[in-house]
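# Reading the structure
Take a look at the letters that make up each chain.
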Amino acid sequence: MRAAILILFALMVVGPARAEDVLRMGDQRGNARALMEAAGVLDGLTYRLEWSEFPAAAPLLEALNAGAIDAGGVGDAPFTFAAAAGVPMKAFMAFRNRQDGLAILVAPDSPIRTVADLKGKRIATNRGSIGHQVVLAALEEAGLPFDSVLFSFLPPADAKIALASEAVDAWATWEPYTSTAELAGLTRVVRDGNRITPGLTFTVARDSALVSKRPLLADFAARLARARTWALKDPAPYATVWSKLIGLSEAVPLRWFGRAGYRTVPIDADVIADEQRTIDLYVRAGLIPKARAPQAAAIFDTRFSQALSEAPAAVQ
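Residues numbered from 1 in each chain as written. Predicted model: local features only at pLDDT ≥ 70, side-chain atom pairs only at ≥ 80, totals over all residues. Heavy atoms only, no water.

## Some details on the pattern of salt bridges
- As enumerated under the stated definition, the model contains 17 salt bridges in all.
- D219 is the partner of R223 in a salt bridge, and the nearest nitrogen-oxygen pair spans 2.6 Å. In this pair, R223 and D219 both sit in helix α9 (residues 214-233), 4 residues apart, roughly one turn of the helix.
- According to the relative accessible area criterion, R223 is buried, its value standing at 9%.
- Because the salt bridges share partners, they merge into one network encompassing E175, E182, R255 and R259. (Salt bridge = Lys/Arg side-chain N within 4 Å of Asp/Glu carboxyl O. Helix = DSSP H or I, 4+ residues; strand = E, 2+ residues; numbered from the N terminus. Buried < 20%, exposed > 50% of the residue type's maximum accessible area, 1.4 Å probe, protein only.)

## Considering the packing of aromatic side chains
- As enumerated under the stated definition, the model contains 13 aromatic pairs in all.
- Their ring planes at 85° and their centres at 6.1 Å tell us that W174 and Y177 sit as a pair that is edge-to-face.
- An aromatic cluster is defined as three or more aromatic residues linked by ring pairs; in this entry it consists of Y238, W242, W256 and F257. (Phe/Tyr/Trp six-rings, centres within 6.5 Å; stacked < 30°, edge-to-face > 60°.)

## Notes on the confidence of the model for the protein chain
- Averaged over all residues, the pLDDT of the protein chain is 91; the fraction at 70 or higher stands at 91%.
- Here residues 1-16 is a poorly scored stretch, pLDDT under 50, and it has 0 contacts once near neighbours within four places are set aside; other chains count.
- Segment residues 312-316: pLDDT under 50, and 9 contacts once partners within four positions in sequence are set aside and those in other chains are kept. (pLDDT = per-residue confidence, 0-100. Contact = heavy atoms within 4.5 Å.)

## Some words on the environment of D21
- Assignment of secondary structure puts D21 in the loop between α1 (2-14) and β1 (22-28).
- The class for D21 is partly exposed, based on a relative accessible area of 26%.
- For the pair D21 and G67, spaced 46 residues apart in sequence, the C-alpha to C-alpha distance is 16 Å.
- Those residues in contact with D21 that lie beyond four places of it in its chain are Y47, R48 and L216.

## Section: helix α10 (residues 236-246)
- Regarding α10, the residues found buried are Y238, A239, W242 and S243. Take α10 and look down its axis: the buried residues cluster within an arc of 135°, on one side only.
- Residues of α10 that are buried sit in contact with α2 (32-39), α9 and α11 (251-260).
- Positive backbone phi, at 85°, marks G247, one or two positions downstream of α10. (Arc of directions from axis to C-beta.)

Given below as structure tokens:
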């Protein structure tokens, strides 16, 4: 009885964790949390890190908008749409990667060989996704109007079935779906995202968290950057962890990580210019009204990048 009273007294003294001492991170399965745990960078936290897992960027950003999480990782395309919709957030970390895995796929025996051959064809992808982005960028590169193709807006699992059943002519998707389909011999790439999309992903946070939880976000950023450096040097250990977590062959993440080369980059003039080009692309395509289009410089917080660059030892 006396022991129970002492425990209760200790809990009363310590009390619940203050909101400012808890960082609520949104994640997509197999991404930041799996990477950071595999890299061993989460030891010694002085705050509580709470993870919420989402199937895609769109619901993560909805949770961010609702205040259910403080921050999370998303691609540049959904980030752009959320910014245009007025989600109170800014990107405070940026990562670049090669875009081999962002691709327009067709069946191996399809007569479609070039982007021009897609004219009048039906393409499956998620609305507002990087898959949508690569199609728009590829059409512009080929000199074709945006309405040259017909979109079927489907999640990846349904899009894969639609392509296999010939309900659509092509599928615009991303990793790990691209590597999975390629390794199984189910698809052929018509155009990937290299040179026509920027290969950017971001860690974003609510404006309120950037003020009230800035030290926590700064610590998290340094740890995530360190984990990215670790995985870039040798993707095999992360691929092993990812494979066990997701339940796909290790060949899939090895192909994906090996060719993507994810790396942390400063939020500099080049990143801001690339984001502005993405915004402008969506305005030209009529997906974002010009009146609602944000200016790229206004949706970034560059101070974390400056701190990371000033402390290189923290991210080696």
